[in-house]
Amino acid sequence: MKQIVILASGSGSNAENIITYFKENPQVTVSAVLTNKKTAKVLERCDRLEVPAFYFNKFAFQNSDAVVGVLKSLQPDLIVLAGFLWKIPTNIIEAFPNKIINIHPALLPKYGGKGMYGAKVHQAVKENAEKETGITIHYVNENYDEGAIIFQAKTAVEPSDDADKIADKVHQLEYEHFPKVIEKLLV
Ligand code: GAR
């Protein structure tokens, strides 16, 4: 059985989609979800879906080996960042080489880097009148949104699309592709 650990900071709709997808697959399971936000909706989703979930604070993540210790004890085959907004510290990167992936809601290298997340990305795409946007799934290194790209998918942006509409289109791409890309990496 391959084990996934998900890190998420917010709503967790991708986390839920991944958990649900792998409930049908006896070879892969989401063994836990970790969050840095006590009020994150992803925690409610984990209650409902009966998936173990843990909260950690900034000190545990950035200034101790506590989180890396928890992750090691879970023995993940893949660590999946699904809307996780803190930069991953070196001790975690070094403990899990080529085992941490992230999804970014744009076509990297465009619209990546510190401060570029969620709605801010879609607003920037709109302001720049881009004709297309999409998703990027990539390995995680010490810099925001800079690891090797594993997969990208595109969607057209119409002049009439507002940032919310762009976000909807990107979310649909995420739901369609993210679990399948994870499955390919694992099985
Ligand atoms: C997703 O669109 C994901 O691509 C994005 O946050 C959203 C989380 O939604 N991630 C980033 O912006 C990372 N830089 P969700 O919590 O509903 O899955």
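Under an unreviewed UniProt entry, the name given to the protein is Phosphoribosylglycinamide formyltransferase, and the source organism is Flagellimonas marina. UniProt lists a comment for the protein under the heading Catalytic activity (unreviewed entry), and it reads "N(1)-(5-phospho-beta-D-ribosyl)glycinamide + (6R)-10-formyltetrahydrofolate = N(2)-formyl-N(1)-(5-phospho-beta-D-ribosyl)glycinamide + (6S)-5,6,7,8-tetrahydrofolate + H(+)". UniProt's Sequence similarities (unreviewed entry) comment on the protein is quoted here verbatim: "Belongs to the GART family."

Overview of the side chain of serine 31
With respect to the helices and strands, serine 31 occurs in strand β2 (residues 28-35). Given a relative accessible area of 16%, serine 31 falls into the buried group. Among all residues touching serine 31, those that are not within four sequence positions of it are Gln3, Ile4, Val5 and Pro52.

Examining the site of the ligand
Residues in close proximity to the ligand total 13 residues, the closest being Gly12, Ser13, Asn14, Gly118 and Glu174. In the environment of the ligand, a nitrogen atom lies 3.3 Å from a nitrogen or oxygen atom belonging to the side chain of histidine 104. Measuring from an oxygen atom of the ligand, one finds a backbone N or O atom of glycine 118 at 2.9 Å. A total of 450 Å² of accessible area belongs to the ligand in isolation, and the protein chains cover 90% of it.

Considerations on the UniProt feature "domain: Formyl transferase N-terminal" (unreviewed entry) in the protein
Per the UniProt record, "domain: Formyl transferase N-terminal" (unreviewed entry) is annotated on residues 2-182. End C-alpha atoms of residues 2-182 are separated by 11 Å, and the span's content is 38% helix alongside 24% strand.

Re the pattern of salt bridges
What the rule picks out here adds up to 5 salt bridges. Arginine 45 is the partner of glutamate 16 in a salt bridge, and the nearest nitrogen-oxygen pair spans 2.7 Å. With glutamate 16 in helix α1 (residues 13-23) and arginine 45 in helix α2 (residues 41-49), this residue pair connects regions lying 29 residues apart in the sequence. Accessibility assignment for this pair places glutamate 16 and arginine 45 in one class, buried. Put simply, Glu16, Arg45 and Arg48 are held in one network by salt bridges that share partners.

Parameters at a glance
Residues numbered from 1 in each chain as written. Predicted model: local features only at pLDDT ≥ 70, side-chain atom pairs only at ≥ 80, totals over all residues. Heavy atoms only, no water. UniProt positions renumbered as here; feature names shortened; annotations may be inferred. Helix = DSSP H or I, 4+ residues; strand = E, 2+ residues; numbered from the N terminus. Buried < 20%, exposed > 50% of the residue type's maximum accessible area, 1.4 Å probe, protein only. Contact = heavy atoms within 4.5 Å. Near = heavy atom within 4 Å. Polar contact = N/O pair within 3.5 Å; in protein donor to acceptor, adjacent residues only side chain to side chain. Areas by Shrake-Rupley, 256 points an atom, 1.4 Å probe, with all protein chains shown as cover. Salt bridge = Lys/Arg side-chain N within 4 Å of Asp/Glu carboxyl O.

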